[in-house]
Amino acid sequence: MARPVLRTRLCDILDIEYPIILAGMGGVSTAELVAAVSEAGGLGIVGAASMPADEIERQVRRIRDLTSKPFGVDVLLPSGVSTPRPAPSADVKESASASDAPKRPRDYLPAAYNTFIDNAEHEFGLPAKGEDQAWTSGMSRLGSGDFSKRQVEAILDLKVPVFAAGLGNPAPWVEQFHAQGAKVIGLVGNVKNARRIADGGTDVVVAQGTEAGGHTGRIGTMALLPQVIDAVAPTAVCAAGGIGDGRGIAGALAMGCDGVWIGTAFLVSREATWPDLLKERILAATEEDTRVTRLYSGKTMRNINNPLIEYWESQKLDALPMGMQGIVSGEIMSGARQANKLELLMNPAGQISGMLHEMRAAKDIFEDMVREAAEIIAEGMPRRVKASL
Ligand SMILES: Cc1cc2nc3c(=O)[nH]c(=O)nc-3n(C[C@H](O)[C@H](O)[C@H](O)COP(=O)(O)O)c2cc1C
């Protein structure tokens, strides 16, 4: 079968064959999945959100062993002020005796959040045995200015071809990336932030609608895309959020996008580094089974819904800043793991979950999308829609 053609200016900007980018999904988009998408002709992006610099280096070396094609690395930059390691809050100081210096991350939380952790552990029958260091330290790193600075410096040192900022404004780093011939991508959920990152020199703006899995905004993809395209022209724009097959890709290109950035559809690929249970929950989900919550990271994140999310939302607590909220969720996740109540774990996924029915190789997912989009644009539309001027 001939190789389909599907090309936009994004392919020239990023030096790729097809205008399809694998979303940099934290902890899920790692070397094997990234290399598979880049090898297939798209751009694979590592989700390095909570990866320390040495792990980013390992990932990049592994990708370079697997492919010579371009790829990228995505981090979450702090938005505005950085949030370094939290200091004990006033009510914590009151509740701890003078000789009893805080030792665990949860000792840094305001009292109401410690009460929430205790109540949740009781509600779901979880052991109150302290935290899972790996998880908590990963989640609580998010949003730390020093941590993300070290990440970006590592990405520069490694001469990665594409740098992506999933949160925050990459503007302060643009010049250094451009100086070494790299491109910069920034993710936004509204027009104001799209303008801000385009003005900062970002090469590609990803406009992500609320349908998306993971951190997400309030505006639907269909409403967001034309407004972002108009606001940042002539900067290239990719669509994200709710794209699950070639129909979504063709739709985004028809609206004027230069490409697409896809997450959830690749979560159920064999290469995605996720427990099978989380993939199976996505495969079993309908379009109604996701919910946006601040429980896990402090920012709005779309997940497969679960009883812990329902419980958190019913308590009407304000989420803590990123990093600190990760300590809250980290404590409870640790107990959920120990009690084997994996259905309570964070399981970010988008509204397209309802159209995913089997686990497949990333290459097959990718190739089917390309073929379907090319078919719609080259033949399906002219056959089904009569239009002339
Ligand atoms: C499991 C998961 C983890 C994610 N982690 C990140 C991340 O670390 N950085 C980021 O920029 N976006 C992250 N996202 C959001 C994606 O980049 C992307 O915008 C989104 O998946 C697109 O919508 P879709 O899921 O409908 O394809 C994540 C999404 C999911 C589902």
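One structure accompanies this document, and this report is about it. (Residues numbered from 1 in each chain as written. Predicted model: local features only at pLDDT ≥ 70, side-chain atom pairs only at ≥ 80, totals over all residues. Heavy atoms only, no water.)

### Some thoughts on the overall build of the chain
From N to C terminus, the chain includes 16 helices and eleven strands. By residue count, 54% of the 389 residues in the chain fall in the buried class. If you take every contact in the chain between residues at least 6 apart in sequence, the share linking residues at least 24 apart comes to 65%. Here the chain has roughly 16900 Å² of accessible surface; of this, 51% comes from carbon and sulfur atoms. (Helix = DSSP H or I, 4+ residues; strand = E, 2+ residues; numbered from the N terminus. Buried < 20%, exposed > 50% of the residue type's maximum accessible area, 1.4 Å probe, protein only. Contact = heavy atoms within 4.5 Å. Areas by Shrake-Rupley, 256 points an atom, 1.4 Å probe, with all protein chains shown as cover.)

### A few points about the packing of helix 9 (residues 191-199) against helix 10 (residues 221-232)
Two elements in contact, helix 9 and helix 10, have axes whose closest approach is 9 Å; the angle formed by their N-to-C orientations is 35 degrees. Crossing of helix 9 against helix 10: the hand is right-handed. Within the contact between the two elements, helix 9 uses Val191, Ala194, Arg195 and Ala198 and helix 10 uses Leu224, Gln227, Val228, Ala231 and Val232. When the residues that make up the contact of helix 9 with helix 10 are grouped by side-chain class, the tally is seven nonpolar, one polar and one charged. (Axes fitted to C-alpha atoms, helices over the stretch in contact; angles between N-to-C directions. Left-handed = near helix turned anticlockwise from the far one by under 90°. Nonpolar A, V, L, I, M, F, W, Y, C, P; charged D, E, K, R; others polar.)

### Section: the environment of Glu288
When you line up the elements, Glu288 lands in the loop between helix 13 (276-284) and strand 10 (290-293). Looking at Glu288, the relative accessible area reads 63%, which means it is exposed. Considered as a pair, Glu288 and Gln351 are 63 residues apart in the sequence and their alpha carbons are 7.2 Å apart.

### Section: the site of the ligand
Lining the immediate surroundings of the ligand are 22 residues, of which Asp74, Gln208, Gly242, Gly263 and Thr264 lie closest. Take Gln208: an N or O atom from its side chain is 2.7 Å from an oxygen atom of the ligand. Within the side chain of Thr264, one N or O atom sits 2.5 Å away from an oxygen atom of the ligand. In the complex, the protein chains occlude 96% of the 600 Å² of accessible area that the ligand would expose alone. Those elements that place two or more of their residues in the shell around the ligand are strand 3 (71-76), strand 9 (259-262) and helix 12 (264-267). When grouped by side-chain class, the residues that make up the shell around the ligand number eleven nonpolar, ten polar and one charged. (Near = heavy atom within 4 Å. Polar contact = N/O pair within 3.5 Å; in protein donor to acceptor, adjacent residues only side chain to side chain.)

### Side note on helix 14 (residues 307-315)
Turning to helix 14, its buried residues are Leu308, Ile309, Tyr311 and Trp312. Relative to the axis of helix 14, the buried residues are bounded by an arc of 160 degrees and lie together on one face. Buried residues in helix 14 make contact with helix 5 (111-123), strand 10, strand 11 (301-304) and helix 15 (324-338). Near the N-terminus of helix 14, the side chain that reaches the backbone nitrogen of Leu308, with its oxygen 2.8 Å away, is that of Asn306. One or two positions beyond helix 14, positive phi appears at Lys316, with a value near 55 degrees. (Arc of directions from axis to C-beta.)

### Regarding the packing of aromatic side chains
Scanning all chains against the criterion turns up five aromatic pairs. Between the aromatic rings of Phe116 and Trp312, the centroid separation amounts to 5.1 Å while the plane-to-plane angle is 80 degrees, which identifies the pairing as edge-to-face. Within this pair, whereas Phe116 is found in helix 5, its partner Trp312 is found in helix 14, the two being separated by 196 residues in sequence. In this structure Trp312 comes out as buried when scored by relative accessible area, which is 3%. Considering the side-chain rings of Phe124 and Tyr311, the 5.8 Å spacing of their centres and the 90 degrees angle between planes classify their relative orientation as edge-to-face. (Phe/Tyr/Trp six-rings, centres within 6.5 Å; stacked < 30°, edge-to-face > 60°.)

### Focus: the sheet that holds strand 8 (residues 236-240)
In space, the eight strands of this open sheet follow the order 1-9-8-6-5-4-3-2, with parallel pairing throughout. With one partner strand each, in any of the chains shown, strand 1 (20-22) and strand 2 (44-47) form the two edges of the open sheet. The mean angle between the axes of side-by-side strands here comes to 25 degrees, regardless of whether they run parallel or antiparallel. In this sheet, strand 5 (residues 183-188) lies alongside strand 4 (residues 162-167) in parallel orientation, the contact comprising four bridges. Note on strand 5: the bridge partner recorded for Phe163 is Val184. Contacts from helix 7 (residues 145-157) reach strand 3 and strand 4, with the element oriented near 170 degrees to strand 3. Contacts between helix 10 and the sheet are confined to strand 5, strand 6 (204-208) and strand 8, with strand 6 contributing the most and set at about 155 degrees to the helix. (Pairing = 2+ DSSP bridges.)

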